[in-house]
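Close look at the chain arrangement
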Amino acid sequence: MKVILAQPRGFCAGVVRAIEIVERALDKYQSPVYVRHEIVHNKHVVDSLKAKGAIFVEEVDQVPDGARVVFSAHGVAKSVFEAAAARNLPVFDATCPLVSKVHNQAKRFVRQGRVLILIGHAAHPEVEGTIGQIDAEVHLISTLADVAALDFPVDLPLAYVTQTTLSVDDTRAVIDALKARFTDIVGPDTADICYATQHRQSAVRDLSRMVEVILVVGAKNSSNSNRLREIGLEEGTPSYLIADASALDPSWIEGKETIGLTAGASAPESLIIEVIEALRRIEPVVVMPMDGVEEHIQFRLPAELRA
């Protein structure tokens, strides 16, 4: 059985930075270091950090006085920063720089007097954080029907930004519909959309033409991991999202000669290796990395945590 590994796959630079912030804070200040919400959407990552001494909480008011707190890679509302500042809690902000870029773009559009539209998924932590960063009403949409339902004059000055875990492909139809309906609308350049999301989705589209089934390693609450599975299905390839090797159903690969394997941006490479070992227990495996984009982007850590 051939196992073809998508390239790129797994951790993106924003996830690497977020995890390293927690690890370095623990190394420098010792446990406990508190983390508000999951640092990234992956239980294995969270459990690993818990084992090192990180304590995960839902809200800042659960953090003891004087304790250090890390905000997750998804970003948080201004009210969360204000709640920490009111108690003089030392904060390490692990918000992905690309998410912060969306926040800054949105604020700039609002300062220009434009009504802001956010393309994203309701209840996603990144969306909640972005809305909470803006001192104006934000109109959340995700579908073409949502565009049709917007009750604005056609010439009203508008602007849009997008959730970073949506790719250029994911948002193209909605953005085209906005531009077709409204005469004065602006948004970020497509180059500003998260590179990691687009790269991983493009890799799955290429992978689907090479394999009979695709396994996506990632958490059920990971937006980008779910989207990778959906893309495989859209391309006509049976595709399954698994949290780890224990979730592998041998019936999925029965009689198959070529298996595609990828991982969402918050899934560690160790889980990919475990899935390969699980496949080897079913039958002999040859692992073949796919040609693809090599990512070399790194994001700077907070100054206090740099070596």
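Residues numbered from 1 in each chain as written. Predicted model: local features only at pLDDT ≥ 70, side-chain atom pairs only at ≥ 80, totals over all residues. Heavy atoms only, no water.

1. Observations regarding the pairing of strand β4 (residues 68–71)
The criterion, for reference: When DSSP locates at least two bridges between a pair of strands, those strands are taken to pair. Strands are runs of DSSP state E lasting at least two residues, helices are runs of H or I lasting at least four, and both sets are numbered from the N terminus onward. Note on handedness: a crossover is taken as right-handed if, strands pointing away from the viewer, the path from the first strand over the helix to the second is clockwise.
Across four bridges, strand β2 (residues 33–36) lies against β4 in parallel orientation. Each residue of the ladder has a partner; that of Tyr34, found in β4, is Val69. The pairing of β4 with strand β5 (residues 91–93) spans three bridges and is classified as parallel. If you follow Phe71 over to β5, its bridge partner there is Asp93. Between the parallel elements β4 and β5, the chain passes through helix α3 (residues 78–86) in a crossover that is right-handed.

2. Here's the deal with the packing of aromatic side chains
Worth spelling out the cut-off: Centres within 6.5 Å make a pair out of two Phe, Tyr or Trp rings, where for Trp the six-membered ring is used; the pair is then stacked when the planes are under 30 degrees apart, edge-to-face when over 60, and tilted otherwise. Counting as a charge over the ring demands two things of the Lys NZ or Arg CZ atom: a distance within 6 Å of the ring centre and an angle within 35 degrees of the ring normal.
With the rule as written, the count across this model stands at four aromatic pairs. Ring centres 4.1 Å apart and planes at 5 degrees place the aromatic pair Tyr240 and Trp252 in the stacked group. Of this pair, Tyr240 sits in strand β11 (residues 239–242) while Trp252 sits in the loop between β11 and β12 (258–263); the two residues are twelve residues apart in sequence, bridging distant segments of the chain. Across from the ring centre of Tyr29, 3.6 Å away, lies the NZ or CZ of Arg68, which sits over that ring. The ring of Phe109 carries Arg108 above its face, with NZ or CZ at 5.6 Å from the centroid.

3. As for the nonpolar core
The condition is simple: The term nonpolar core refers to a set of buried residues drawn from Ala, Val, Leu, Ile, Met, Phe, Trp, Tyr and Cys, joined through side-chain atoms within 4.5 Å. The cut-offs for exposure are 20% and 50% of the maximum accessible area for each residue type, with area from a 1.4 Å probe on protein chains only; residues under the lower value are buried, those over the upper are exposed, and the others partly exposed. A contact between two residues is defined here by any heavy atoms of the two lying within 4.5 Å.
Membership of the largest hydrophobic core comes to 31 residues, with the highest contact counts inside it found for Val22, Ile39, Leu49 and Val70. Per-element tally for this core: the top contributor is helix α1 (residues 13–29), with eight residues. Here Leu49 is in contact with Ile19, Val22, Glu23, Leu26, Ile39, Ala54 and Phe56, once residues within four sequence places are set aside. Listed in part, the 22 residues of the second largest apolar core include Val217, Trp252, Ile253 and Ala278.

4. A word on the layout of surface pockets
Heads up, the rule is: Site definitions follow a grid-based scheme: protein atoms alone, a 1 Å grid, a 1.4 Å probe that fits but cannot get out for cavities, and for pockets an open set with protein on both sides within 12 Å along at least five of seven lines, plus lining residues having an atom within 4 Å of a point. Grid points are joined across faces, edges and corners, and a volume is the space filled by probe spheres set on the points. Gly is put with the polar residues, along with every residue not named as nonpolar or charged; the nonpolar set is Ala, Val, Leu, Ile, Met, Phe, Trp, Tyr, Cys and Pro, and the charged set is Asp, Glu, Lys and Arg.
Here the largest pocket defines a volume of roughly 300 Å³. Top contributing element to the lining of the largest pocket by residue count: α1, with four residues. For the lining of the largest pocket, a count of residues per class yields nine nonpolar, three polar and seven charged. Considered as a void within the structure, the second largest pocket measures approximately 210 Å³ in volume. Looking at the second largest pocket, the residues that line it are Ile119, His121, Ser142, Leu166, Asp170, Thr171, Ser222, Ser223, Asn226, Arg227 and Glu230. Breaking the lining of the second largest pocket down by element, the ones donating at least two residues are α7 (168–181) and α9 (223–234). Top contributing element to the lining of the second largest pocket by residue count: α9, with four residues. Residues belonging to the lining of the second largest pocket are distributed by class as follows: two nonpolar, six polar and three charged.

5. Quick notes on helix α4 (residues 97–111)
Filter applied, for reference: Working rule for helices: expected span equals 1.5 Å times residues minus one. Along the arc lie the directions from the helix axis toward the C-beta atoms.
An ideal rise of 1.5 Å per residue puts 21 Å on 15 residues; α4 measures up with 21 Å between its terminal C-alpha atoms. For α4, the complete set of buried residues consists of Leu98, Val99, Val102, His103, Gln105, Ala106 and Phe109. Each buried residue of α4 lies within a common arc of 165 degrees when the element is viewed along its axis, so the set occupies one face. Those residues of α4 hidden inside the fold are in contact with β6 (115–119), α5 (125–133), β8 (158–162), β9 (185–186) and α8 (195–208).

6. Describing the pairing of β11
The side chains of a regular strand alternate, residue by residue, between the two faces of the sheet. Across four bridges, strand β10 (residues 213–217) lies against β11 in parallel orientation. By the bridge assignment, Val217 is partnered in β11 with Ile242. In this fold, β10 hands off to α9, which returns the chain to β11; that crossover is right-handed.

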